[in-house]
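Take a look at the letters that make up each chain.
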Amino acid sequence: MTAMDRSIESTEAEFRRRIQLLPDATGSDSDFVEDDGVGNGPLEVKVSVQVAGDELVVDFTGSSPQAEGPINSVLSATIAAVLYVVRSVFGPDLPANDGLKGAVRIIAPQGSIVNPESPAACGGRMQTCYRIVDALLRACAPLAPERFTAGSCGNMTMSLQFDSLTDHAPIFFEVMPGALGARAKDDGIDGTDVHISNCMNAPIEALEAEFPIEFTCFEFRPDSCGTGQYQGGLGLRRGFRLRGIGGQLMIRGDQVRSGPRGFKGGQDAQPSRFIVNPQTLQEQVLPSKTLVSLKPGDEFLRETAGGGGVGESAARLAGLVARDISEERISKEFGDRHYMPQAHITPA
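A.B. asks: Which parts of the structure should I look at to understand the sheet that holds strand β13 (residues 299-303)?
C.D. replies: Backbone hydrogen bonds hold the strands of a sheet together, and the pairing may be parallel or antiparallel. One open sheet holds the five strands; their spatial order is β7-β8-β13-β10-β11, and the pairing between them is antiparallel. A strand with exactly one partner marks an edge of an open sheet, and here the two such strands are β7 (213-220) and β11 (284-285). Note that β7 and strand β8 (residues 236-242) share seven bridges and pair antiparallel. Paired with Ile213 across the bridge in β8 is Leu242.

A.B. asks: Help me understand the nonpolar core, please; the structure alone is not making it clear to me.
C.D. replies: Generally speaking, nonpolar side chains in soluble globular proteins are found buried as a group. The biggest cluster of nonpolar side chains holds 40 residues, and the ones touching the most others in it are Phe15, Leu56, Phe60, Phe90 and Leu136. Residue contacts for Phe60: discarding those within four places in its chain leaves Val45, Lys46, Val47, Thr78, Val82, Ile106, Ile107, Ala108, Pro109, Val114 and Ile132. Among the nonpolar cores identified, the runner-up in size contains 24 residues, and Ile213, Ile245, Ile251 and Val276 belong to it.

A.B. asks: Sorry if this is basic, but what is going on with the environment of Arg237 here?
C.D. replies: Turning to its location among the elements, Arg237 is positioned in strand β8. Sequence-wise, Arg237 and Val45 are 192 residues apart; in three dimensions their C-alpha atoms are separated by 28 Å. In contact with Arg237, other than residues within four places in its own chain, are Met176, Cys217, Phe218, Glu219, Phe220, Arg221, Leu301, Arg302 and Glu303. In this structure the side chain of Arg237 is engaged in a polar contact, spanning 2.3 Å, whose partner is the side chain of Glu219. Among the polar contacts listed, one links the side chain of Arg237 to the side chain of Glu303, at a separation of 2.9 Å.

A.B. asks: Please explain helix α4 (residues 126-139) as it appears in this structure.
C.D. replies: Think of an α-helix as 3.6 residues a turn; residues three or four steps apart then line up on the same face. Taking 1.5 Å as the rise per residue, α4 with 14 residues should run 20 Å; its terminal C-alpha atoms sit 20 Å apart, in good agreement. Most of α4 sits inside the fold, with 13 of its 14 residues counted as buried.

A.B. asks: How should unusual backbone geometry be read in this particular structure?
C.D. replies: Where the residue is not glycine, phi is negative for most of them; where a peptide bond is considered, it is trans in most cases. In the segment running from Gly41 into Pro42, the intervening peptide bond is cis, with an omega of 0°. Look at the link from Ser118 to Pro119: it is a cis peptide, with omega at 0°. With respect to the helices and strands, Pro119 occurs in the loop between β4 (104-107) and α4. The phi dihedral of Gln255 falls on the positive side, at around 60°, and the residue is not glycine. Within the element layout of this structure, Gln255 appears in the loop between β9 (247-252) and β10 (273-276). Relative accessible area serves as the criterion here: at 6%, Gln255 is assigned to the buried category. The residue Lys264 is not glycine, and still its phi comes out positive at about 55°. Checked against the element boundaries, Lys264 lands in the loop between β9 and β10.

Definitions and cut-offs
- As a convention, each chain's residues are numbered from 1 in the sequence order in which they are written.
- It should be noted that, the model being predicted, local features are given only for residues of pLDDT at least 70 and side-chain atom pairs only at 80 or more, the latter also being counted only at that level, while totals for whole chains, interfaces and linings use all residues.
- Side-chain measures here rest on the full set of heavy atoms in the structure, leaving out hydrogens and waters.
- Only when DSSP finds a minimum of two bridges between them are two strands counted as paired.
- Helix and strand definitions here come from DSSP, where helices need a minimum of 4 consecutive H or I residues and strands a minimum of 2 consecutive E residues; each element is numbered from the N-terminal end.
- What we call a nonpolar core is a set of buried Ala, Val, Leu, Ile, Met, Phe, Trp, Tyr and Cys residues that are connected through their side-chain atoms within 4.5 Å.
- Exposure categories follow from relative accessible area, calculated using a 1.4 Å probe and restricted to protein chains: below 20% of the type maximum is buried, above 50% is exposed, and the middle band is partly exposed.
- Only heavy atoms matter for contacts: two residues are in contact if any of them lie within 4.5 Å across the pair.
- Counted as a polar contact is a pair of N or O atoms within 3.5 Å, where, for protein atoms, one must be capable of donating a hydrogen and the other of accepting one, and residues adjacent in sequence contribute only when both atoms are in side chains.
- The span you would expect from a helix comes to 1.5 Å times its residue count less one.

See the structure below:
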């Protein structure tokens, strides 16, 4: 037996031991991909989780049939999303190897959006994978009450293929961070890639040097968080203008109709928005999955979703609300509307 074999074997044995110590409970939840990009939706990801001896059973029965558009999650991607949640919740200190998979039984109905049959369009599968993660984290809450998050901003990607270039790369591709939902005992995290994405923020100076674009803004998005005893993180605003050349813009996103979900009494976050030429007579609000032409001088603005809140808003400490207003994370109007008016004002 090799050292790697022994590591896999010991990881599985330890994980099975931990599963046997979990409470005798079953959790279930669901989430939705808003559309598949060709007019179908919403599409449901439905999941339950339960302990069966020393095995964890994750069941996607009831999820929507596979879609015509490219949001189907192939089985390998579904398994990866499940194992990410399982390790994060039940064994963050365990090695990331195949031993985790040995103790998890995944039921993914064939022909569904979490296990499509060929031929199936799968290029935008990360949209569904993020819904798997959010739904499964909530479903695991009865088994691990301190290890969950509210809904988080999902995968937001864009690619811009310039009409003609000689001295520059032909395609500008970027994954846009959003926010993490509030946690069981803490706020969410602002302006970050979450869960199964690990793309770093590309400096705007480097991108302006590489591509014929000029950034118009890159900042936190105040008031985008879901409220609650623990508040979700803030999304981001990131815009750029094309300089001297046009191109074809493709967006693969989600959560433009409703924001990431709150949990246990927390409120939903603000949804994402994709806008061409914002605050002008030529303003065009785009759907979450589309292909459009941009002209030289056009501006494209992305506003990514915040994170959902956890717990009732009335339970949030007044000092935290006052801090958020002082730091301009939320406006005073937002604080008065979502938290008890004047509760955040310290008496003289």
